[in-house]
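Read off the chains here:
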Amino acid sequence: MEYTKKIDKKWQNFWQKNETFKVCVKNLKKPKYYCLVMFPYPSSELHVGHGRNYIIGDAVARYKRMRGYYVLNPMGWDAFGLPAENQAIKRNIHPRAWTLKNIKRITEQLQSWGISYDWDKEIATCFPQYYRWTQWLFLKLYKKGLAYRKEAPVNWCESCKTVLANEQVIEGRCERCSNEIIQRNLKQWFFKITDYAQRLLDDLDKLKEWPQRVKLMQKNWIGRSVGVTIKFSVKSLDKPLDCFTTRADTIFGATFLALNYQHPSLIKLIDDSDNKQEILKFISQTKKEEASLLRSQDFEKKGMFTQKFAINPMTGKKIPIWIANYILSGYGTGAIMSVPAHDKRDFEFAKKYELPIREVIKKPTANQEEVYEGEGSLINSGDFNGLSSQAAKEKIADFMERENVGARKINFRLKDWLVSRQRYWGAPIPIVYCKKCTEVAVEEKDLPVLLPEVDKFLPTGESPLAASKDFIQTKCPNCGGKAKRETDTMDTFVDSSWYYLRYISPGQGKMPFLREDVDNWLPVDQYIGGVEHAILHLMYSRFITKFLADQKEISFDEPFIRLFTQGMIVKDGAKMSKSKGNVVAPDYIIDKYGADTMRLYILFMGPPQKEAIWQDEALQGSWRFLQRVLRLVGRLNNFKEEKQVKPDQEEILLRKVHYTILEVTQDLEGNFQFNTAISRIMELVNQIYKSIKAGIKKDIFAQAVDTVFLLLAPFTPHISEEVNSLLGNKGTIFDRSWPEVDLKFLKKEEGEIAILINGKVKDKMVIDFSLSKEEVEKKALEAQKVQKIISGSQPKKVIYIKGKIVNIVI
């Protein structure tokens with residue numbers, strides 16, 4: 001038997017015709033298993049680098065089905081947003097046309113790979129029947145005060161001509177186009193994810209089957225800090241400057257205050273400063289500095305003295321107020337108390353501008369660093385001298401709260417989620433503006449607010465929807481008067497924050513999902529996707545799930561029980577990309593080698609959670625293995641039993657069969673070690689060939705071959721179906737049970753050893769490795785061939801090397 005592309009098509013047609021993977025969500029006669037791969041942006045066709053997560057997900061879904069679960073494995077499209085729109089603009093084609101073209105193409109690709117999706121559950125976020133409920137979700141948040149509009153400094157990408165959430169800015173650059181981000185003040189829509197910061201942090205402990213790396217990334221992004229907000233009074237301001245610190249123990253060493261250039265009190269503070277124009281020029285220059293540089297440790301610290309002073313509330317002394325380029329606006333209050341003796345950045349700044357440096361934490365004797373940032377015993381700190389840092393933090397906080405010069409505070413790095421986008425290809429925000437009623441939500445019965453057809457959708461900095469008079473002009477839902485619609489669209493991460501719920505009832509028109517069905521099927525049992533979504537999609541989905549649980553829309557508050565993050569595939573030292581010219585096209589591989597060859601190689605190329613290097617010659621190795629394993633079927637059909645069948649060989653093969661079942665099952669139940677599972681199957685195939693040559697019965701041979709293809713079925717479904725049929729089984733192999741381990745073959749740790757006489761191999765025998773040295777030597781001496789050679793004479797000595805040989809010296 002030879003593997004050809006015809007086998008792929010035959011069984012893909014079979015699965016489609018027989019609706020093999022169709023799931024009725026109300027029919028839960030078996031334990032459910034919801035297996036979900038992160039749905040793709042349909043911005044271009046797929047290459048093999050994209051294929052890894054879909055093939056991993058498919059292998060898991062097929063395996064779980066054979067283990068007796070009722071498996072839901074759906075697919076859809078994250079179709080709105082910048083990825084598809086930017087690609088459409090490059091090609092001068094409408095985003096809708098480009099998106100739908102890619103959906104069609106990617107569907108064909110996934111089907112040609114033999115991915116077992118229930119296509120009846122397909123969704124696309126750009127269709128009104130979906131984004132109607134994205135708008136419903138916005139209104140739910142709005143009514144609870146968790147969606148709001150305000151003017152704020154925002155991240156602006158000049159290339160994409162839109163604002164970005166903090167999570168979409170990577171080292172100061174746009175995550176989509178890598179353009180440098182600048183700050184702008186704009187009126188934007190936000191979701192108040194900060195109200196859920198503590199729960200998002202605490203509930204990471206619930207996620208026992210998430211990678212620690214992802215949980216740590218979320219923990220650090222949420223960034224909980226326990227400290228004190230200290231009030232520094234300023235003569236020219238009507239209220240103090242608040243500075244948050246986690247190191248109240250160093251307050252006596254604060255020798256200046258440093259403000260971010262966007263601090264809300266700054267303009268009033270410098271209003272009568274003699275150097276006001278110089279300060280404004282400095283602010284203008286700082287705005288232009290790359291944000292990525294400001295986040296690095298070694299960039300040049302710059303500042304400008306405001307000619308104003310604040311009072312250190314613990315010393316009563318005046319300290320100068322500076323504007324500094326290393327103070328970020330995204331954390332705390334945008335003002336810090338600067339302690340140059342115990343902070344490296346403050347130290348560099350103080351050295352440059354000749355500001356006082358006052359040591360207040362005693363440096364350990366062994367520490368020779370110029371700046372000591374650790375904790376220790378307080379010095380030069382008045383009544384708090386001699387206290388440890390931990391004790392001083394509490395005592396100083398107590399004092400500040402008594403004297404009303406400070407208060408304990410918990411701060412979070414996490415900021416509210418910016419969801420406005422000045423782009424065309426997204427879900428319209430369901431808000432109208434009325435002169436009489438101001439800001440008014442669209443009524444639920446009037447959803448969806450349809451995205452209008454426009455001829456000009458190129459980004460200009462203003463939403464393309466603003467040019468559509470028919471879209472903008474509307475009536476106020478409250479008073480019936482003239483009103484204008486919001487022209488921004490929603491961030492695509494809003495669409496994907498709840499899509500896993502919609503798969504359960506994708507055709508439902510009266511509600512986003514049926515609660516009873518959703519509660520039966522969710523949380524998702526296994527979620528699979530890239531680690532790059534750790535603080536974007538995964539955080540947002542957790543937030544929205546918690547919100548919906550609070551609104552009694554669902555009965556669970558975490559969306560995904562188990563998370564697996566696959567590593568990327570690289571070629572020629574880089575991630576696969578059309579721009580780098582290192583893309584491998586799956587169509588070529590399938591035409592030449594078949595889909596199962598590609599699937600097997602992708603699963604075998606290395607631990608799936610780690611980066612893997614694509615090698616064309618290794619792909620050919622997978623193809624050769626499949627040809628070799630298929631030749632077993634031909635050997636079985638033409639098999640003639642040897643006159644001399646060796647029971648010990650049958651024992652060896654059956655032990656190998658059942659150990660392989662055990663080990664492959666453990667590999668799949670663990671952390672998806674597909675590469676080692678496939679390696680074990682390869683070893684089993686090698687043993688089958690050895691056993692055929694040595695002499696075994698046909699029924700043992702047939703059992704071993706059947707087991708091989710049952711174990712391969714999740715990885716190479718097409719050839720496994722074909723062999724299953726050739727072996728006389730009806731229907732699909734995926735209605736058969738996963739092979740069970742027969743424990744009687746696992747009771748002993750057995751293996752084959754060689755028997756040598758005077759250093760030359762004369763026989764072999766299978767032994768139990770748990771036997772003592774004396775027992776093994778006795779068995780060797782009793783072997784039939786040995787008895788013939790030594791003819792009853794007493795050997796001089798017997799040497800046993802455990803698990804390998806027995807050497808009899810005569």
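These numbers were taken from a predicted model, which means no experiment stands behind them.

Asks: Explain the overall build of the chain here, please?
Replies: The helix and strand inventory of the chain stands at 26 helices and 32 strands. Seen through its principal axes, the chain has C-alpha atoms that stretch 115 × 75 × 50 Å. The 810 residues of the chain split such that 55% are buried. Contacts in the chain between residues far apart in sequence, at least 24 positions, make up 74% of those at least 6 positions apart. Taking the average location of the 126 positive side-chain charges in the chain and that of its 101 negative ones, the two points are 2 Å from each other.

Asks: Help me understand the sheet that holds strand β31 (residues 797-801) in this model?
Replies: Backbone hydrogen bonds hold the strands of a sheet together, and the pairing may be parallel or antiparallel. With mixed pairing, the four strands of this open sheet are ordered in space as β30-β29-β32-β31. The open sheet has two edge strands, β30 (760-768) and β31, and neither has a second partner. Across the sheet, the axes of successive neighbouring strands diverge by a mean angle of 20°, strand direction being ignored. As judged from the five bridges shared by β31 and strand β32 (residues 805-809), these two strands associate in the antiparallel manner. The residue bridging Y800 from the neighbouring strand is V806, located in β32. Packed on one face of the sheet, helix α21 (residues 647-669) meets β29 (750-757) and β30 and runs near 140° to β29.

Asks: Explain the sheet that holds strand β25 (residues 560-565) here, please?
Replies: What the four strands build is an open sheet, ordered β2-β1-β24-β25; its pairing is parallel. Pairing within the sheet leaves two strands with one partner each, and these edge strands are β2 (70-72) and β25. Between one strand axis and the next, the sheet turns through 20° on average, direction left out of account. Direction of pairing for strand β24 (residues 524-529) relative to β25: parallel, over a ladder of five bridges. Residue pairing across strands places G529 opposite T565, the latter belonging to β25. Taken strand by strand, helix α2 (residues 48-66) contacts β1 (32-37), β2, β24 and β25, and its axis lies near 170° from that of β1.

Asks: Mind showing me how you'd approach the nonpolar core here?
Replies: Generally speaking, soluble globular proteins have nonpolar side chains that are buried together. In this structure, W417, W614 and F715 are the most contacted members of the largest nonpolar core, which totals 189 residues. The leading source of residues in this core is helix α22 (residues 674-694), at 10 residues. Ignoring sequence-local partners within four residues, the contact set of W417 consists of A165, W189, F190, F191, I193, D491, F493, V494, S497, Y540, F543 and I544. Core analysis: the second largest hydrophobic core is formed by 39 residues, F232, L259, I323 and M400 among them.

Asks: What's the story with the packing of helix α19 (residues 595-604) against helix α24 (residues 717-726) in this structure? I'm lost.
Replies: Working note: a packed helix pair is described by the angle between its axes plus the distance between those axes. Packing of α19 against α24 leaves a shortest axis separation of 7 Å and a crossing angle of 120°. Overall, the two elements α19 and α24 adopt an arrangement that is oblique. For the pair α19 and α24, contact is made by A595, D596 and R599 and by P717, H718 and I719, respectively.

Asks: Would you mind going over the side chain of N411 with me for this structure?
Replies: As for its placement among the helices and strands, N411 is situated in strand β16 (residues 406-412). Engagement of the side chain of N411 in a polar contact is seen with the side chain of K409, the distance being 3.5 Å.

Asks: Can you walk me through the packing of aromatic side chains in this structure?
Replies: What describes a pair of aromatic rings is the distance from one ring centre to the other and the angle between the planes of the rings. Across all of its chains, the model carries 45 aromatic pairs by this definition. Ring geometry for W322 against F349: centres 5.5 Å apart, planes inclined by 90°, an arrangement best described as edge-to-face. Linking W322 in strand β14 (residues 318-324) with F349 in helix α11 (residues 344-353), this pair joins segments that are 27 residues apart in sequence. A single burial state applies to W322 and to F349, both of which are buried. Aromatic ring contacts, followed pair by pair, group F138, Y142, W189, F191, Y196, W417, F493, Y540 and F543 into a single cluster. Its guanidinium or amino end placed over the ring of F190, K150 lies 5.5 Å from that ring's centre, counting from NZ or CZ.

Rules behind the numbers
Residues numbered from 1 in each chain as written. Predicted model: local features only at pLDDT ≥ 70, side-chain atom pairs only at ≥ 80, totals over all residues. Heavy atoms only, no water. Helix = DSSP H or I, 4+ residues; strand = E, 2+ residues; numbered from the N terminus. Buried < 20%, exposed > 50% of the residue type's maximum accessible area, 1.4 Å probe, protein only. Contact = heavy atoms within 4.5 Å. Lys, Arg positive; Asp, Glu negative; His and termini not counted. Charge placed at Lys NZ, Arg CZ, Asp CG, Glu CD. Pairing = 2+ DSSP bridges. Axes fitted to C-alpha atoms, helices over the stretch in contact; angles between N-to-C directions. Core = buried A, V, L, I, M, F, W, Y, C linked by side-chain atoms within 4.5 Å. Parallel < 35°, antiparallel > 145°, perpendicular 65-115°, else oblique. Polar contact = N/O pair within 3.5 Å; in protein donor to acceptor, adjacent residues only side chain to side chain. Phe/Tyr/Trp six-rings, centres within 6.5 Å; stacked < 30°, edge-to-face > 60°. Lys NZ or Arg CZ within 6 Å of the ring centre and 35° of its normal.

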